[in-house]
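# Residue-level structure breakdown
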Amino acid sequence: MTLAELRELAKELGMPAFKAGQIAARIFGKRATEIDSLTELSKAERARLAEVAVIGRHKPIAEAVSADGTVKCLFRGVGGRDIESVVIPDRDRATLCVSSQAGCRMNCKFCMTGRGGFQGNLSTAAIINQVLSVPRSEELTNIVFMGMGEPLDNFDAVKSAIEILTSPWGLGWSPRRITVSTVGKGDTLSRLLGETKVHVALSVHNPFGSARAAIMPVEKAWPLPDILKKIRTGDDWSGQRRFSVEYIMWRGVNDDLRHADALARMLAGIPCRVNLIRFHAFPGYEGQPATKADMEAFRDRLNDRGITATIRASRGEDIDAACGMLAGKKKGADTNDGDSSR
């Protein structure tokens, strides 16, 4: 709950409004896991609270640890589908990739999460639980909404989670430590830009409309030029807030200089960084990762055209860190079916 929601709950239970702040401080600041530990409340107040509420903390039901230190966690989800979070350590940083839905409605052809269908939106509690319950939680330096699901398809819960993460009564993070990744859901993109100060990452993967639509159906409803117009007018991107582009690269599909030139033209005039990502192959999808040489040539071409581009290091491939793979394997094990494409 946000502070406003906690105040309303306190009022319903006959508590003074300031008790809401004490509850928030204990849950978020001191990471309480049981209502009995809210000792700022009287025993009678705790009893009344326990009748209608729980803290909502749940540990992962499974974990996988990569040789590079990446940790993938499986949590109970909704609609019978579990959800995943990934902790990525990098020297003095620890980034959490958090899920916002169980499954996804966007149906991107290359995404294992989407191939499994949509089972339901996560509550704000389920989102914050990932932040508080993963290994090394108190060492986290950054959060990206880039796990299972499309964050802008569950915007109200995501926005409340961002409020909890960034408010002084919550975890007190700077918005600059949070990135929301989206395929470009135009009806809520404007809200993200206007109602938050977090960084924004746009999944592009192909600069040509028809080719992008073939792998990302969202292109038909919200064409990339329209989304980039919202980006251009939604913020000047000259301050601390960042805009970045995610670009997964497949061999012989979107990895030549023609695509690089088209992407550079499309992004001209927008301060941004392009993250080139090597595709993580998975069963049931025939695409193959682009070669190192082609990725480097693509990067260099963008840099020559004035677009900052870097190649993102692959992490956690030995533990199937691509979204949806651990959940698929866990479901297969639970049903004696090892097909990880489910």
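Our subject is the structure that appears above.
The next subject is the pattern of salt bridges. Once the charged atoms of two side chains with opposite charge are near each other, the side chains can pair. Scanning the model with the defined rule gives 18 salt bridges in all. Its salt-bridge partner being Glu195, residue Arg191 comes within 3.1 Å of it at the nearest N-O pair. Of this pair, Arg191 and Glu195 are both found in helix H7 (residues 186-195), 4 residues apart, which corresponds to roughly one turn of the helix. Measuring nitrogen to oxygen at the nearest pair gives 3.1 Å for the salt bridge that ties Arg241 to Asp235. The same class applies to Arg241 and to Asp235, which are both buried. Residues joined by salt bridges that share partners form a network here, namely Arg105, Asp153, Lys185 and Asp187.

Here we take up the layout of surface pockets. If you add up the space inside the second largest pocket, you get close to 390 Å³. Lining the second largest pocket are 23 residues, with Met1, Ile27, Val54, Ile55 and Ala125 positioned closest to its centre. No other element matches the 5 residues that helix H5 (residues 124-133) contributes to the lining of the second largest pocket. A class-by-class count of the residues in the lining of the second largest pocket yields 17 nonpolar, 4 polar and 2 charged.

This part covers the pairing of strand E2 (residues 71-78). Direction of pairing for strand E1 (residues 62-65) relative to E2: antiparallel, over a ladder of 4 bridges. Residue pairing in the sheet places Ala64 in a bridge with Lys72 of E2. The hairpin turn running from E1 into E2, its antiparallel successor, is 5 residues long, and Gly69 in that turn takes a positive phi close to 95°. With 6 bridges joining them, E2 and strand E3 (residues 81-90) adopt antiparallel strand pairing.

Moving on, we get to the nonpolar core. Leu49, Phe145, Phe243, Val274 and Leu302 are the most contacted members of the largest nonpolar core, which totals 80 residues. The element best represented in this core is helix H6 (residues 155-166), accounting for 7 residues. When neighbours within four sequence positions are excluded, Phe243 is seen to be in contact with Val200, Leu202, Leu228, Ile231, Trp237, Ile270, Pro271, Cys272 and Arg273. Cys108, Met112, Val183 and Phe279 belong to the second-largest nonpolar core, a separate cluster that totals 15 residues.

Another point: the environment of Leu192. Among the structural elements, Leu192 can be located in helix H7. Taking the relative accessible area as the measure of exposure, Leu192 reaches 0% and is therefore buried. Apart from residues no more than four positions distant in its own chain, Leu192 is found in contact with Leu152, Phe155, Val180, Val198, Val200 and Arg241.

Take the side chain of Gln101 next. Looking at the secondary structure, you find Gln101 in strand E5 (residues 101-103). Side-chain polar atoms of Gln101 contact the side chain of Asp153, separated by 3.1 Å. Leaving out residues up to four positions away in the same chain, Gln101 has contacts with Ile83, Phe118, Gly120, Asn121, Leu122, Met148, Gly149, Glu150, Asp153 and Asn154.

Before going further, it helps to examine the sheet that holds strand E12 (residues 308-312). In spatial order, the strands read E1-E2-E3-E4-E7-E8-E9-E10-E11-E12; together these 10 strands make up an open sheet with mixed pairing. With partners counted over all chains shown, the strands left at the sheet margins are E1 and E12, one partner each. Each neighbouring strand pair of the sheet contributes to a mean axis angle of 25°, computed without reference to strand direction. Relative to strand E8 (residues 178-182), strand E7 (residues 142-145) runs parallel, the two sharing 3 bridges. Its bridge partner lying in E8, Ile143 is registered against Ile178. Of the strands in this sheet, E7 and E8 touch H6, which is tilted by about 175° from E7. Against the sheet, helix H12 (residues 292-304) contacts strand E10 (243-249), strand E11 (273-278) and E12, and its axis sits at roughly 160° relative to E12.

What counts, and where the lines are drawn
Residues numbered from 1 in each chain as written. Predicted model: local features only at pLDDT ≥ 70, side-chain atom pairs only at ≥ 80, totals over all residues. Heavy atoms only, no water. Salt bridge = Lys/Arg side-chain N within 4 Å of Asp/Glu carboxyl O. Helix = DSSP H or I, 4+ residues; strand = E, 2+ residues; numbered from the N terminus. Buried < 20%, exposed > 50% of the residue type's maximum accessible area, 1.4 Å probe, protein only. 1 Å grid on protein atoms, 1.4 Å probe; cavity = no way out; pocket = protein on both sides within 12 Å on 5 of 7 lines; lining within 4 Å. Points joined across faces, edges and corners; volume = space filled by probe spheres on them. Nonpolar A, V, L, I, M, F, W, Y, C, P; charged D, E, K, R; others polar. Pairing = 2+ DSSP bridges. Core = buried A, V, L, I, M, F, W, Y, C linked by side-chain atoms within 4.5 Å. Contact = heavy atoms within 4.5 Å. Polar contact = N/O pair within 3.5 Å; in protein donor to acceptor, adjacent residues only side chain to side chain. Axes fitted to C-alpha atoms, helices over the stretch in contact; angles between N-to-C directions.

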